[in-house]
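Survey of secondary and tertiary structure
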Amino acid sequence: MLNIILFGPPGSGKGTQAYRLKERYNLLHISTGDLLREEKAKGSPLGLEAKKYMDNGLLVPDEVVIGMIRVKLEENVGKVAGIIFDGFPRTVAQAEALDQLLEEKETCIEQVLALEVGEDELVRRLLERGKTSGRADDMDEEKIRTRLGEYHTKTALVAGHYAQTDKVANVAGEGTIEEITERLAGELDRGSNGEEE
Ligand code: B4P
């Protein structure tokens, strides 16, 4: 399986690029942000719990997110060519849980693609999206700054977790959406070497 993590701060283009890579490589796209927003929209107990964190720019507790991923892997491993993880893992505990869940399924992460974008550009993009997205966490610069703070204190460490495995590629995340897709695809084509898992 070609299992990839698309990594980067909020607004770095993970969701945007994951959609394009999923189409190109025929992958299953798993976005924890989308899954949590679906639960919120349904008003499920999980969604109501998640809302308290998401609307304030904070990370949802690990056990909630890991539980969702476990269900998705149970449903899909063995049935798809690979998975692109978007917005997961966001903490070292999530990364360790993902490694273990994949190992139980006799597969692993092939590559971690880390998008790099300057902080001013991140804030600009998210405020721009906030004009139309209806997302409470995109509309207020203070909440965006909180999300960036969560990224720096908790999520940035995830790159270190994978750095030991030599699987992380840093990719410049500024430019047109098409240019960035080509950079990411270049890394994937170089890294996968057609190896089967
Ligand atoms: P996410 O849904 O993952 O949201 P995000 O970090 O804002 O990134 P997203 O993928 O949506 O946006 P993108 O950068 O593509 O998470 C939302 C919240 O859910 C989190 O704050 C947290 O509370 C919770 N959550 C999710 N996963 C979690 C986990 N694992 N653990 C705990 N909590 C979790 O795009 C941003 C904007 O930039 C878009 O408008 C896009 O059009 C634009 N853009 C993209 N590329 C561009 C480019 N090249 N040039 C100009 N604009 C561009």
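The coordinates are above.
What counts, and at which threshold
- Residues numbered from 1 in each chain as written.
- Predicted model: local features only at pLDDT ≥ 70, side-chain atom pairs only at ≥ 80, totals over all residues.
- Heavy atoms only, no water.
- Helix = DSSP H or I, 4+ residues; strand = E, 2+ residues; numbered from the N terminus.
- Polar contact = N/O pair within 3.5 Å; in protein donor to acceptor, adjacent residues only side chain to side chain.
- Expected span 1.5 Å × (residues − 1).
- Buried < 20%, exposed > 50% of the residue type's maximum accessible area, 1.4 Å probe, protein only.
- Contact = heavy atoms within 4.5 Å.

Right, let's talk about unusual backbone geometry for a bit. Cis geometry marks the peptide bond from Phe88 to Pro89; its omega dihedral reads 0 degrees. Phi is positive for Glu106, close to 60 degrees, though the residue is something other than glycine. With respect to the helices and strands, the residue Glu106 is situated in the loop between α5 (92–104) and β4 (111–116). One non-glycine residue, Asp166, adopts positive backbone phi at about 65 degrees. Tracing the sequence through the fold places Asp166 in the loop between α7 (141–163) and β5 (168–172).

As for its placement among the helices and strands, Glu121 is situated in helix α6 (residues 119–133). Looking at Glu121, its side chain comes within polar contact range of the side chain of Arg124, at 3.0 Å.

Let us now look at helix α4 (residues 62–76). With 15 residues, α4 extends 21 Å from end C-alpha to end C-alpha; this agrees with the ideal 21 Å at 1.5 Å per step. Listing the buried residues of α4 in full gives Val64, Val65, Ile66, Met68, Ile69, Leu73 and Asn76. On the buried face of α4, the contacting elements are β2 (28–31), α2 (32–42), α3 (45–54), β3 (82–86) and α5. One or two steps after α4, the chain reaches Gly78, where phi turns positive at roughly 95 degrees.

Don't take any of this as a statement about function, it's just geometry.
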